[in-house]
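Breakdown of the fold
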Amino acid sequence: MSAFDAGTTVLDVALRGDTLLRATAYPLAFTIQGSDAEAEARLVSSESVFINRDTPAPWTDATIFRNTLVPGCFPGVVTVGATVHRTGYVNIDGQYVDNSQPGRNDGVRSYYSSIGPAVDGTCKPDVMAPGNNVISSCNSFYMERHVDSVHDREALVSCFDFQGRTYGWNVNTGTSMSAPVVAGAVALWLQACPTLTAADVKRVLARTARHPDTSLDYPNNYYGYGEIDVYRGLLDILGLDAVPGLSASQPVGVSVSLLSSGQMVLSFVRRPLGPVLFTLYRLDGVAVCSKRLVPADGLCQSVALPPLPAGVYAVQLSSSESDFTGSLLVRVP
């Protein structure tokens, strides 16, 4: 029985020997009979750990109730699971492809995402990130060799030519898509604090991750600490999460840019209906500038800043409209 789908039969065949098996010395072949069958061949380790003194358990064993395996089962690894947000997409041919999964599709765990605990009892996974219908770059050599694939064509959302080659953007699903999201987020956090360890990252996740299923206690063996909140984690690392009045989320209707003249420009997606309060904070939480902005005729407003030392600052925008409420980080050169 599959560890992911109780209705699917899976056979595992292992070859073991007293000496190291090498493909060059021991040629191997296998034949599969029947229809609708898939096969994988891989090298696995025979190393085992012990749940207790008398019960050996291989790291590569899986059941439907515990299927986080090597290397994600190790305590020092930040193990990533997948959540579902995007339920479908429009491909390059203008067709809408519905890839919704059974049940909820509002940020909860994807049905295929592995669960814990690990074989030694460690709570796994550690964190979740979007993994369903994620649009990413497609290898141009793969596209070249699979030009007639109906499935690959259906998953293609855009392509372009560059220096004689065709490159594309396509849709993929899996923890192979959610893991790079977390890797990129941690890389951003490391820019803010280069000394972060894996243990530090897990502590940040424990303090800042979102809880998609509020009926569960966190951490747990379905979501770990929850779904990663990249921006809130960054605020936590910079020590800004405790600043009173500073939002832990960003506004979706405005962006900021800094001019060399000491002016900050706010670009709104539409004209605000009322005043917007602008406050600039240092990393120690001290407000160094505060102004009440009245909507102008244009979509851009300029704010004159006082002389500021180089560094990172937080901009807080407060409005009666949620689109224009939130915080943003800026670097003053």
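Treat the numbers as computed from the prediction; the structure is a model and nothing was measured.

Turning our eyes to something else, we now look at the sheet that holds strand β8 (residues 156–162). Taken in spatial order, the three strands of this open sheet run β7-β9-β8, and their pairing is antiparallel. Looking along the sheet, the strands with just one partner apiece sit at the ends: β7 (134–138) and β8. Going across the sheet, the axis of each strand differs from the next one's by a mean of 20 degrees, ignoring polarity.

Our next topic: the packing of aromatic side chains. Evaluated as defined, the whole model comprises four aromatic pairs. Between Phe 160 and Tyr 167, the ring centres sit 5.8 Å apart and the planes meet at 20 degrees, which makes this aromatic pair stacked. On the basis of relative accessible area, Phe 160 is assigned to the partly exposed category, the value being 40%. Ring geometry for Tyr 218 against Tyr 223: centres 6.2 Å apart, planes inclined by 50 degrees, an arrangement best described as tilted. It is Arg 165 that lies over the ring of Phe 141; its NZ or CZ is 4.0 Å from the centre.

Predicted confidence across the chain gives a mean pLDDT of 88, with 87% of residues reaching 70 or more. Taken element by element, the predicted model of the chain shows its lowest mean pLDDT in strand β1 (residues 48–52) (48) and its highest in strand β6 (residues 127–130) (98). Residue range residues 48–53 is modelled with pLDDT below 50. Its contacts to residues more than four positions away, or to other chains, number 12 contacts.

For the rest of this paragraph, the subject is the packing of helix α3 (residues 175–192) against helix α5 (residues 230–238). Taken N-terminus to C-terminus, the directions of α3 and α5 make an angle of 20 degrees; their axes are 10 Å apart at the nearest point. As the angle between them shows, α3 and α5 are arranged roughly parallel. Crossing of α3 over α5 shows right-handed handedness. Contacts from Ala 185, Leu 188, Trp 189 and Ala 192 of α3 reach α5 at Val 230, Gly 233, Leu 234, Ile 237 and Leu 238.

Our focus in this paragraph is the pattern of salt bridges. Under the counting rule described, the total for this entry stands at 12 salt bridges. The salt bridge partner of Arg 165 is Glu 144, with a shortest N-O separation of 3.7 Å. With Arg 165 in strand β9 (residues 165–172) and Glu 144 in helix α1 (residues 140–145), this pair connects stretches of sequence that are 21 residues apart. One salt bridge in this structure joins Arg 203 and Asp 200, with 2.5 Å as the shortest N-O distance. Separated by three residues within a single helix, Arg 203 and Asp 200 lie in helix α4 (residues 198–208), roughly one turn from each other. Judged by relative accessible area, which is 21%, Asp 200 ranks as partly exposed. Look at the salt bridges and you will find they share partners, linking Lys 124, Asp 126 and Lys 202 into a network.

α5 packs onto α4 with a crossing angle of 115 degrees between their chain directions and a minimal axis gap of 9 Å. By crossing handedness, the relation of α4 to α5 is classed as right-handed. From α4, Val 204, Arg 207 and Thr 208 reach across to α5, where they touch Arg 232, Gly 233, Asp 236 and Ile 237. For the contact of α4 with α5, a count of residues per class yields two nonpolar, two polar and three charged.

Moving on, we get to the side chain of Asn 91. Mapped onto the elements of the fold, Asn 91 is located in the loop between β4 (88–90) and β5 (96–98). Among the polar contacts made by the side chain of Asn 91, one reaches the main-chain carbonyl oxygen of Glu 154 at a distance of 3.2 Å. Setting aside its immediate chain neighbours within four residues, Asn 91 contacts Val 97, Arg 153, Glu 154, Leu 156 and Val 157.

Turning to the sheet that holds strand β11 (residues 263–268), a few remarks are in order. With respect to topology, three strands assemble into an open sheet ordered β10-β11-β14, the strand pairing being antiparallel. At either end of the open sheet lies a strand with only one pairing partner, and these are β10 (254–258) and β14 (300–304). The average undirected angle you get between the axes of adjacent strands in this sheet is 25 degrees. Bridge count between β10 and β11: five bridges; the pairing is antiparallel. Bridging from a neighbouring strand, Ser 257 pairs with Val 265 of β11.

What counts and how
Residues numbered from 1 in each chain as written. Predicted model: local features only at pLDDT ≥ 70, side-chain atom pairs only at ≥ 80, totals over all residues. Heavy atoms only, no water. Pairing = 2+ DSSP bridges. Helix = DSSP H or I, 4+ residues; strand = E, 2+ residues; numbered from the N terminus. Axes fitted to C-alpha atoms, helices over the stretch in contact; angles between N-to-C directions. Phe/Tyr/Trp six-rings, centres within 6.5 Å; stacked < 30°, edge-to-face > 60°. Buried < 20%, exposed > 50% of the residue type's maximum accessible area, 1.4 Å probe, protein only. Lys NZ or Arg CZ within 6 Å of the ring centre and 35° of its normal. pLDDT = per-residue confidence, 0-100. Contact = heavy atoms within 4.5 Å. Parallel < 35°, antiparallel > 145°, perpendicular 65-115°, else oblique. Left-handed = near helix turned anticlockwise from the far one by under 90°. Salt bridge = Lys/Arg side-chain N within 4 Å of Asp/Glu carboxyl O. Nonpolar A, V, L, I, M, F, W, Y, C, P; charged D, E, K, R; others polar. Polar contact = N/O pair within 3.5 Å; in protein donor to acceptor, adjacent residues only side chain to side chain.

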